[in-house]
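Here's the letter readout for the chains.
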Amino acid sequence: MEAMAAVEASATVSAFDVSKRPDTGKLVLNTPRPPSLREELAGAVRRAFRPRGGGGGGRAPRWAWALTALQCVFPVLQWGRSYTLKAFRSDVMAGLTLASLGIPQSIGYANLAKLDPQYGLYTSVVPPLIYAIMGTSREIAIGPVAVVSLLLSSMIQNVVDPAADPATYRSLVFTVTFLAGVFQVSFGLFRLGFLVDFLSHAAIVGFMGGAAIVIGLQQLKGLFGLSRFTNSTDVVSVIKAVCSALRDPWHPGNFLIGCSFLIFILTTRFIGRRYKKLFWLSAISPLLSVILSTAAVYATRADKHGVKIIQSVHAGVNPSSAKQIHLNGPYSAECAKIAIICAVIALTEAIAVGRSFASIRGYRLDGNKEMIAMGFSNVAGSLSSCYVATGSFSRTAVNFSAGARSTMSNIVMSITVFIALELFMKFLYYTPMAVLASIILSALPGLIDIKEAFNIWKVDKMDFLTCLGAFVGVLFGSVEIGLGVALAISFAKIIIQSIRPQVEVLGRLQGTNTFCSIRQYPVACRTPTVQTIRIDTSFLCFVNATFIKERIIEWVREDVETSDEKGRERVQSVVLDMSNVVNIDTSGLTALEEIHKELVSLGIQMAIASPGWQAIQKMKVARLIDRVGEDWIFLTVGEAVEACLTAHKGTALEC
């Protein structure tokens, strides 16, 4: 008897008194109109250029807005005011260290892009200068990188053969660089950074790994000193080309030079990582390799005995390439396609590198400003004989370790490379091609992240499929195929999850007013006569509305049939938890109407809890609220359940 009295007492306490219920349903129904897309965009622009500081009200003067706009476009105006001599000394040392690594890498990457060596050096002069005054990352090092160099050469050579028509090939490279810069600026100005996110982390890991292997295979030409080689980038074609070329006479001196300096660079890198104070040793090892190998070839006249050398490198300042950019030529469509791929890949790499080092230093990197800075760097570069530049992880790591405090280190590096172009290019005549191949090969291990690929496999098998698709596509197809496969799998994943979102039956945790999935939390108790269902999608729309409607109606019918068969009290109310539904379209509204009609035909009341801002406004406009009834819209699931129990004279749960 005492137990029964206790249950009755708890039921009395838990029962919901409608007369005392706060009218929170009115809060849901009387929310203000949500901002339109135009208002949200205008607000984002105002926030971006709003003058900082000044706690008082009133409008800021025009000069304050102009100053803020200038500081947004040119962050150097902001950090330059507090720049110190101590920071300058650190940046000078970092810039010189950066140049010692950047000069040989730039020459090697130009060779990978199928351009003359000086174009890689040009790309280490102008883009870093522009980025230094417009960029927000203090550590990132701008210049040519291996993956973008491979992208350019592999895709543009399908349009024009660089060996048969080098002038047209260069023209297309500059056109692609210009368009890539324009795309990047547009992404930043119109807040389109989400486009970069279409390449997921898993896709980037797979793409970078496949590209690294392809780049490494391409370096076999320089490592063996081969005269004939394939333009294809897939692994099968490259291996066939190597096997075919090795049947011809080749000089083992190329292989000996390449392997010797590859071992030297990797050894110094190991020492630099083991002993942090000797980081500079790994930074200057590529430059030392160039100097020592060039001196050895010159001293022994190895070029007379089959060792392949660079020969002439044009010295002097970057020549203008404005007249070589053709936006309305016969290849304009191909250039635009290549440019947007290069723009996205370059931004993805640069922003990932910048954010990783910004998190270490404890400041926030503005992705949209980075896109604008990178875009203007490439637009300016395309007009001065540069190809697509972006942030390099290896050079950024060196810049960080060398103590860089601001983008001034990029300026120092740029000036150093410019001096080298003016004074030292004639000394590179005897530089062996094999040492350039070894410098590129030494940079590739950092692009292959086996540990991260294994972690992706453990966490999300679908993500690993994306990673594997990008890797295999690049390795056995082409760069475009690898990207296409990764994007296709990523979109398929999004579509599958959108078409079949989670729809969960909820129960109450004992002694609380918290409702959660009974599948995830089996201890949660279902409420008699009330079925509570949560819709786990942010957008109830045409792709998932039918699935959600059928799932809810099926569950309700099963519950009714089971109750009739077992003689239990049947379901009297269904509460739809729409707290996750941010927005809804006409198909979603139609699905809710059909659910309501089906429930009415079964004699069941429908209640809606916590719909999103956009969703409730559209439900009001579509007059769905009038059909359901304003009294059946609630702020929380708990209020909805208690109201249903009270309306049907139910009892609160055994919970």
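Residues numbered from 1 in each chain as written. Predicted model: local features only at pLDDT ≥ 70, side-chain atom pairs only at ≥ 80, totals over all residues. Heavy atoms only, no water.

### Details of the overall build of the chain
A count of helical and extended segments in the chain gives 28 helices and 10 strands. With respect to the three principal axes, the spread of C-alpha positions in the chain is 105 × 65 × 55 Å. In the chain, which comprises 655 residues, the share counted as buried stands at 51%. Within the structure as shown, the chain displays about 31000 Å² of accessible surface, and the carbon and sulfur contribution to it stands at 62%. Averaged over its 60 positive side-chain charges, the chain has a centre that lies 13 Å from the centre of its 46 negative ones. (Helix = DSSP H or I, 4+ residues; strand = E, 2+ residues; numbered from the N terminus. Buried < 20%, exposed > 50% of the residue type's maximum accessible area, 1.4 Å probe, protein only. Areas by Shrake-Rupley, 256 points an atom, 1.4 Å probe, with all protein chains shown as cover. Lys, Arg positive; Asp, Glu negative; His and termini not counted. Charge placed at Lys NZ, Arg CZ, Asp CG, Glu CD.)

### Some points on helix 18 (residues 393-401)
Turning to helix 18, its buried residues are Arg395, Thr396, Val398 and Asn399. Projected onto a plane normal to the axis of helix 18, the buried residues spread over an arc of 160° and lie on a single side. Residues of helix 18 that are buried make contact with helix 6 (85-112), strand 1 (142-143), helix 15 (279-300), helix 16 (332-361) and helix 19 (408-423). Backbone geometry just after helix 18 places Gly403 at a positive phi near 95°. (Arc of directions from axis to C-beta. Contact = heavy atoms within 4.5 Å.)

### Quick notes on the nonpolar core
The tendency in soluble globular proteins is for nonpolar side chains to be buried as a group. Of all hydrophobic cores here, the largest spans 113 residues; its most connected members are Leu151, Leu152, Ile156, Phe207 and Ile345. The biggest single contributor to this core is helix 16, with 14 residues. Sequence-distant contacts of Ile345, defined by excluding residues within four places in its chain, comprise Val147, Leu151, Leu199, Phe207 and Leu483. Counting residues in hydrophobic clusters, the runner-up holds 50 residues, among them Phe515, Ile535, Leu599 and Ile604. (Core = buried A, V, L, I, M, F, W, Y, C linked by side-chain atoms within 4.5 Å.)

### Describing the sheet that holds strand 4 (residues 515-517)
Taken in spatial order, the six strands line up as 4-3-5-7-9-10 in an open sheet, and their pairing is mixed. With one partner strand each, in any of the chains shown, strand 4 and strand 10 (633-634) form the two edges of the open sheet. (Pairing = 2+ DSSP bridges.)

### Remarks on the packing of aromatic side chains
This model, assessed by the stated rule, comprises 12 aromatic pairs. Considering the side-chain rings of Phe224 and Phe255, the 5.1 Å spacing of their centres and the 10° angle between planes classify their relative orientation as stacked. You can see Phe224 sitting in helix 12 (residues 220-224) and its partner Phe255 sitting in helix 14 (residues 252-274), a full 31 residues away along the chain. Classification of Phe224 as buried rests on a relative accessible area of 15%. (Phe/Tyr/Trp six-rings, centres within 6.5 Å; stacked < 30°, edge-to-face > 60°.)

### Focus: the packing of helix 11 (residues 201-218) against helix 21 (residues 450-459)
Packing of helix 11 against helix 21 leaves a shortest axis separation of 10 Å and a crossing angle of 140°. By the angle class used here, helix 11 and helix 21 are oblique. The element helix 11 and its partner helix 21 pack so that their crossing is left-handed. On the side of helix 11, the interface is formed by His201, Ala202 and Val205, while helix 21 contributes Glu452, Ala453 and Ile456. Residue composition of the contact of helix 11 with helix 21, by class: four nonpolar, one polar and one charged. (Axes fitted to C-alpha atoms, helices over the stretch in contact; angles between N-to-C directions. Parallel < 35°, antiparallel > 145°, perpendicular 65-115°, else oblique. Left-handed = near helix turned anticlockwise from the far one by under 90°. Nonpolar A, V, L, I, M, F, W, Y, C, P; charged D, E, K, R; others polar.)

### A word on the pairing of strand 3 (residues 502-508)
Counting buried positions over the seven residues of strand 3 gives six, a clear majority of the element. Taken together, the five bridges between strand 3 and strand 5 (residues 530-536) define a ladder with antiparallel strand orientation. Note that in strand 5 the partner of Val505 across the bridge is Ile533. One ladder, built from three bridges, connects strand 3 with strand 4; its direction is antiparallel. If you follow Leu506 over to strand 4, its bridge partner there is Ser517.

### Examining a negative patch on the surface
On the surface, Glu550, Glu554, Glu558, Glu561, Asp564 and Glu565 cluster together into a negatively charged patch. With respect to the helices, strands and loops of the structure, Glu554 is situated in helix 24 (residues 545-566). (Patch = residues over 30% accessible without salt bridge, like charges linked within 9 Å, V, L, I, M, F, W, Y side chains within 5 Å. Salt bridge = Lys/Arg side-chain N within 4 Å of Asp/Glu carboxyl O.)

### So, a nonpolar patch on the surface
A contiguous nonpolar patch, built from Phe194, Phe198, Phe491, Ile494, Ile495, Ile499, Phe542 and Val543 and spanning about 710 Å² of accessible area, is present on the exposed surface. Turning to its location among the elements, Phe198 is positioned in the loop between helix 10 (166-189) and helix 11. Of the residues examined, Phe198 reaches a relative accessible area of 33% and is grouped as partly exposed.

### What about the environment of Asn111?
Mapped onto the elements of the fold, Asn111 is located in helix 6. Judged by relative accessible area, Asn111 falls into the partly exposed class, the value being 32%. The sequence separation of Asn111 and Ala42 amounts to 69 residues, and the corresponding C-alpha distance is 46 Å.

### Topic: the pattern of salt bridges
A side chain of one charge can pair with a side chain of the opposite charge if their charged atoms are brought near each other. Following the criterion strictly, the structure yields 11 salt bridges and no others. Two residues, Lys493 and Asp463, come together in a salt bridge whose shortest N-O distance is 2.9 Å. Taken together, the residues span a long stretch of sequence, with Lys493 in helix 23 (residues 479-499) and Asp463 in helix 22 (residues 461-476) at a distance of 30 residues. A relative accessible area of 17% places Lys493 in the buried class. Under the relative-accessibility criterion, Asp463 is labelled partly exposed at 23%. Among the salt bridges present, the one from Arg508 reaches Glu642, with a minimum N-O distance of 3.2 Å. Here the residue Arg508 occupies a position in strand 3, and Glu642 occupies one in helix 28 (residues 637-647), the gap between them amounting to 134 residues. Each of Asp460, Asp463 and Lys493 takes part in salt bridges that share partners, so that together they form one network.

### Considerations on the side chain of Ser137
You can see Ser137 is positioned in the loop between helix 8 (126-134) and strand 1. Exposure remark for Ser137: the relative accessible area of 1% places this residue in the buried category. Of note is the side chain of Ser137, whose polar atom sits 3.5 Å from the backbone nitrogen of Glu139. For Ser137, the contacting residues outside a window of four places in its chain are Tyr131, Gly354, Tyr363, Leu365, Glu370 and Thr407. (Polar contact = N/O pair within 3.5 Å; in protein donor to acceptor, adjacent residues only side chain to side chain.)

The values are spatial; any link to function lies outside them.
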